[in-house]
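# Analysis of the macromolecular model
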Amino acid sequence: MQFETNTFPKTIDNSALSSLMRDVLFALVPGIAVMVWYFGWGIVTNLVLATVFALSLEAIMLVIRGRPVVAFLTDYSAVITAWLLALSIPAFAPWWLLLVGIFFAIVIAKHLYGGLGYNPFNPAMVGFAVLLVSFPVEMVNWFSPISNSMASVGLAESLQLVFAGGSADLNQSQNPVLWDAMTMATPLDTIKTGLTMDKSILDITQGEAQKTFGRIAGAGWEWVSLAYLVGGFWLMYRKVISWHIPITLLVVLTSISSIFWLYDPQTYNSPLFHLFAGGTMLGAFFIATDPISASTTPLGKIVFAACIAFFIYLIRVWGSGYPDGVAFSVLVMNMAVPLIDYYTRPQVFGANNE
Amino acid sequence: MPDIPIYSIKGGVHPEFHKKESTALPIATSSLPERLVVPMRQHVGVAGLLMVKEGDYVYKGQPLTEQPKGLGSRVHAPTSGTVGAIDRFPVPHVSGYTCPSIIIEADGKDDWGEQHLTPIEDYQTTDNELLLQRINEAGIVGLGGAVFPSAVKISSSSRSEYHCNTLIINGAECEPYITCDDMLMREKADEIVAGMQIIIKMLKPEKCLIGIEDNKPEAIESMKKAVAAIQETARNGNFHNETNDTTVIKVIAVPTIYPSGDAKQLTKLLTGVEIPKQKRSYDMGSLCHNIATIHSVFTAVIKGEPLISRIVTVTGAGIQQPQNFHTLIGTSFKHLIDQAGGYTDKVERLIMGGPMMGYSMKTDEVPVVKATNCILALPKEDLPYSPDMAMPCIRCGKCMDVCPVDLLPQQLYWHAKAKEFDKIKGYNLDDCIECGCCSYVCPSKIPLVSYYRFAKSEIREENKKKKQIEVARQRFEFREFRKAREKEERDAKRAQHKAALQKKKAAAKKAGAGTDKGADDKQDAIKAALARAKKKKAEQKTAPRNTENLTPAQQAQVDEIDARQSQNATQNTDNKNSDPKEAS
Ligand code: SF4
Ligand code: SF4
């Protein structure tokens, strides 16, 4: 009897790429839920639009590049990129903002570099960085989570906001007072602005502002971060990500911020604030851990994450203009990955008793 | 007896083991096929010279090839009959590879004639050299898959500067589906232990550790019993030897994890010693032999039978009635599969070996060889792989987590795919044991090992070519040099001749003139001496090597040595790569 032959393995584990990616999406759900609680439909519109744009652009690029469309669309990698970007930018972001961001993420950062697996930079962060640099105003318009002001905005109105700049009373240019009342700078922003005006942290966070700052790192935001932390731990438990990157990142960030905080608590924020403010948790568990653009060796991951933490702190405290530094830190370290990987190769079996 | 701790290995995977299918029935003895195909080279090293010719009648156990001088082994007639064609026939190997083979048309008598080797019952008092010679002439090679000549392994160990203090008997059998060692341990434990005693006698190790994966409780039980029995005999003093009772023998259940059965990995599990990269295990004072190999040592020494049969597992969902068969070497796969009830309708692929490291076969018309531990027939459902399923590597690092030798499979893959072979060496491709753990876990379903095999063979080719070019260059230079020197010699001779002639003429002239002064002669002599010195100097300048005054015979010798060296070098790399599993 004749048989076909090939050199492929005759048995494999049934973990598939798509199920790994799906796990990442599941792990984002708690964070998303909390954000929806605070920001309402705006988060949903962000996610849906980003997903639709990402899948469409991915499909177009696959067709152009002559790649199997279905196999790659169902690997969920484009969806992850879309979600990470959608969750990083303000709720109720206008559709074009999302489109531009996703375009840079999927088309430029991913496909022009060779598609899945070949992109040296984290696509979502490329999209985010481009938006932050090009549209700084739109990128800081976070609605206030305190009064749940936007959580009460209905779906119809939300869509209007996103697609047509809002109805008469919700339009920024037509009703700037209301708009101003509802939007607010994020805690990181507030701190930074306050510090540049020579206020002490106590001054900045006192009085009226106390509401903004909640217990540790900003009302609402601390819960969002906590939810991401939960999702992140679940990913580690599922062995989708290893502990190296998130834990190192958090530990190093805590250490650096502790040193400065102990030195002068009026100028430097507490480590807890740094852990739970801004994009720390999302960055540590979901962004820096993107395997494609991160370092791949165990030691390399530690170096990679430690440097990111260092840069995050640097940008948050001394970087001019940008309140948070997760995106830039990750992108900077993405560049160093090939070097880190090469110099952190593990010792081969038997190499240490030569 | 001191307790022996179990160490851990890095990485590894837990595939579905599928051992139950083929252990339901005891080992059966395969029926005698009409025709057997015995490949001349079934082992690491070279094949021996042919000892029979077409039409010869051979008895069972009669050697068919001589024991080769260098590394290699010999083969024997598995049954009595007539030698048919001697030609290249397909052997179980990837891509329908053929090998010079001897066909035996069986006469059905299965007659040993006078071909039994003298049984050495009293091996305890037999000289080690004799035992070694027996293992050698019986054609025993590692039956765990590496097929490395066992005698070479043992003698290297006894000659090594490090005394072999740990003898490891490999009964881990970590590959899914394969159960031949398991069944052998269940059914022939005393014979295995007797074979082990022979090796212990030869090497006098301090410890002898039998490592068996803990998913084979029956085998562990039966081996423990057999070991206890010999220890009992030794205690009762019926066992006359000075060494064996000082050797601690222990059966150890090792955790079930693939690839615990790799020699270096098992050594690590049992002794905690990581055998260094470029070394063999005997350099570290340990030696690892597979269960089936040990059993064949028993058969060769105690029964005087060369290695002409082995246990083969025939299994997989593509086989009607999976079972183990005691099979003569040279029996075709088809013959065995028929005895296992034939194929099921769903059969899709035929594999020699296990699903992790085995090779796809094109046809079942290939003979069982010494390396054939398992014939696996799988239906489509059990073959989750298809080439177009592969997605890009997302550098998730899962492959790295399971790699038992701590390589970076993702980086190896990256460079292998890009054909950056010089870069790949920096990532230690040489150390890859092709265990397949990385391919097994890869979520992108990339056939990683295929890429490594490809890269390895490319690198081997490249090295071969480089070496050939180097040899050719050296030869060319040498030839040019020889030509130049010959020309010089000729010129010199001619000059001498001329001088002689002139001298003669001059002498004649002088004679004619009638006046003779010795001064002229003297000056000539001085001139000639100067010229000689000059010439010598020049020669030294062009050829500082001391090969300048070779006779043609010597030159031929040099050429031959060069050629041999280059051949050896390529052969060595071949060997190194053909025994990934048990090469220690
Ligand atoms: S397991 Fe596969 S996808 Fe993951 S790093 Fe290794 S080769 Fe790449
Ligand atoms: S096949 Fe090679 S690279 Fe892959 S896990 Fe085994 S040793 Fe490591």
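Whatever comes next refers back to the structure up there.
Residues numbered from 1 in each chain as written. Chains lettered and ligands numbered in written order. Predicted model: local features only at pLDDT ≥ 70, side-chain atom pairs only at ≥ 80, totals over all residues. Heavy atoms only, no water.

Helices and strands together make up the secondary structure of chain A, namely 18 helices and 2 strands. Taken over 354 residues, chain A has a buried fraction of 56%. If you take every contact in chain A between residues at least 6 apart in sequence, the share linking residues at least 24 apart comes to 74%. Split by element, the accessible area of chain A, about 14,900 Å² in all, is 68% carbon and sulfur. (Helix = DSSP H or I, 4+ residues; strand = E, 2+ residues; numbered from the N terminus. Buried < 20%, exposed > 50% of the residue type's maximum accessible area, 1.4 Å probe, protein only. Contact = heavy atoms within 4.5 Å. Areas by Shrake-Rupley, 256 points an atom, 1.4 Å probe, with all protein chains shown as cover.)

Residue and element names in this part refer to chain B. A full pass over the atoms with the stated rule returns 26 salt bridges over all chains. Between Arg-494 and Asp-491 there is a salt bridge whose closest N-O contact spans 3.9 Å. Separated by 3 residues within a single helix, Arg-494 and Asp-491 lie in helix α13 (residues 448-513), roughly one turn from each other. Under the relative-accessibility criterion, Arg-494 is labelled exposed at 54%. For Asp-491, a relative accessible area of 34% translates into the label partly exposed. Several salt bridges converge on common partners, so that one network encompasses Lys-10, Lys-268, Glu-274 and Asp-406. (Salt bridge = Lys/Arg side-chain N within 4 Å of Asp/Glu carboxyl O.)

To continue, consider the interface of chain A and chain B. Facing 47 residues of chain A, the contacting portion of chain B comprises 59 residues. Taking both sides of the interface into account, the surface hidden between chain A and chain B amounts to around 4,900 Å²; carbon and sulfur atoms contribute 61%. At the surface where chain A touches chain B, the tally comes to 1 salt bridge. At the surface where chain A touches chain B, the tally comes to 7 residue pairs in polar contact (both at pLDDT 80 or more). A per-class count over the side of chain A that touches chain B returns 23 nonpolar, 15 polar and 9 charged. (Buried area = accessible area lost by both parts, 1.4 Å probe. Polar contact = N/O pair within 3.5 Å; in protein donor to acceptor, adjacent residues only side chain to side chain. Nonpolar A, V, L, I, M, F, W, Y, C, P; charged D, E, K, R; others polar.)

In this section: the site of ligand 2. Close to ligand 2 lie 14 residues, the nearest being Cys403(B), Cys432(B), Cys435(B), Gly436(B) and Cys438(B). Of the residues assigned to the shell around ligand 2, the class counts are 12 nonpolar, 1 polar and 1 charged. (Near = heavy atom within 4 Å.)

Tallying each qualifying case throughout the model produces 18 aromatic pairs over all chains. On the numbers, 5.8 Å between centres and 45° between planes, the contact of Phe233(A) with Phe285(A) is tilted. Here Phe233(A), found in helix α13 (residues 221-237), pairs with Phe285(A), found in helix α16 (residues 280-287); they are 52 residues apart in sequence, far enough to count as distant. Assessed through its relative accessible area of 0%, Phe285(A) is described here as buried. Here the aromatic cluster, defined as three or more aromatic residues joined through ring pairs, consists of Phe260(A), Tyr268(A), Tyr313(A) and Trp318(A). The positively charged end of Arg345(A) is found above the aromatic ring belonging to Tyr342(A), 4.0 Å away from the centroid. Sitting over the ring of Tyr427(B), Arg345(A) keeps its end group 5.7 Å from the ring centre. (Phe/Tyr/Trp six-rings, centres within 6.5 Å; stacked < 30°, edge-to-face > 60°. Lys NZ or Arg CZ within 6 Å of the ring centre and 35° of its normal.)

Note that all results are geometric; they support no functional claim without further evidence.
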